[in-house]
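Structural features, examined
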Amino acid sequence: SLTDKLQARLMKGLKKVVSDTSEPLGPGAIDEKTFRERYESDVEQTFLRFFVKLFRSYKKYVEAPSEEVVEKFKKEEFLAEHPDKCDWLREVMETQMFQCFVDERYEYSNK
C-alpha cells in the first residue's frame, strides 16, 4: 500500500478534480458519460503527474544494453533512493506494465 506521504500527495491532486473524496461514487451516483465529461481527463492527468514525479530519475537505473546485462533495471539501487516508498514501489516494479516500460526504455537506449 502507499505510504501516508504518497497517499496524501495523490489525494491532494485528486481533490482538485473531485472535491468530495470522503465517499466513493456509488452505483448510480453519477452516470459514466457525465463522469467522462467532468472528470476522466483530469483524473488521468493527476495520476500521470504522480507517476512522472515518482519515476523521474529512472534513467539512472536503466542498464546500458550489452550481452552481459542480467537485469535491465537496477531495482535495488532505485529502491535505496526511495526508502520510504520501498514496499509500494517493489509491488509496482513487479507489474507487467512496469516491465514493459523498462523494456521499451532499454531498447530505446540501444538506438
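Residues numbered from 1 in each chain as written. Predicted model: local features only at pLDDT ≥ 70, side-chain atom pairs only at ≥ 80, totals over all residues. Heavy atoms only, no water.

It is worth spelling out the packing of aromatic side chains at this point. Under the definition given, this model contains 12 aromatic pairs. Arranged with centres 5.6 Å apart and planes meeting at 10°, the rings of Phe-55 and Phe-78 form a pair that is stacked. Of this pair, Phe-55 sits in the loop between helix H2 (32–54) and helix H3 (75–81) while Phe-78 sits in helix H3, placing them 23 residues apart in sequence. Seen in terms of ring centroids, Phe-55 and Phe-98 are 5.5 Å apart; in terms of plane orientation they differ by 40°. Their pairing is tilted. Taken together, the residues Phe-55 in the loop between H2 and H3 and Phe-98 in helix H5 (residues 96–109) connect sequence positions 43 residues apart. Here Phe-55 and Phe-98 have matching classes, each one buried. Taken together, Phe-50, Phe-51, Phe-55, Tyr-58, Tyr-61, Phe-73, Phe-78, Trp-88, Phe-98 and Phe-101 form an aromatic cluster joined through their ring pairs. (Phe/Tyr/Trp six-rings, centres within 6.5 Å; stacked < 30°, edge-to-face > 60°. Helix = DSSP H or I, 4+ residues; strand = E, 2+ residues; numbered from the N terminus. Buried < 20%, exposed > 50% of the residue type's maximum accessible area, 1.4 Å probe, protein only.)

So, on to the side chain of Lys-75. Assignment of secondary structure puts Lys-75 in helix H3. Residue classification places Lys-75 among the buried positions, given a relative accessible area of 18%.

Owing to its 3.6 residues per turn, the α-helix brings residues three or four apart onto one side. The end-to-end C-alpha distance of H5 is 20 Å, a good match for the 20 Å that 14 residues give at a rise of 1.5 Å each. Of the residues making up H5, those classed as buried are Phe-98, Val-102 and Tyr-106. Down the axis of H5, the sector holding all buried residues measures 70°, keeping them to one side. In H5, those exposed residues whose orientation departs by more than 90 degrees from the buried face are Gln-96, Met-97 and Tyr-108. Of the surrounding secondary structure, the elements contacted by the buried residues of H5 are helix H4 (86–93). (Expected span 1.5 Å × (residues − 1). Arc of directions from axis to C-beta. Contact = heavy atoms within 4.5 Å.)

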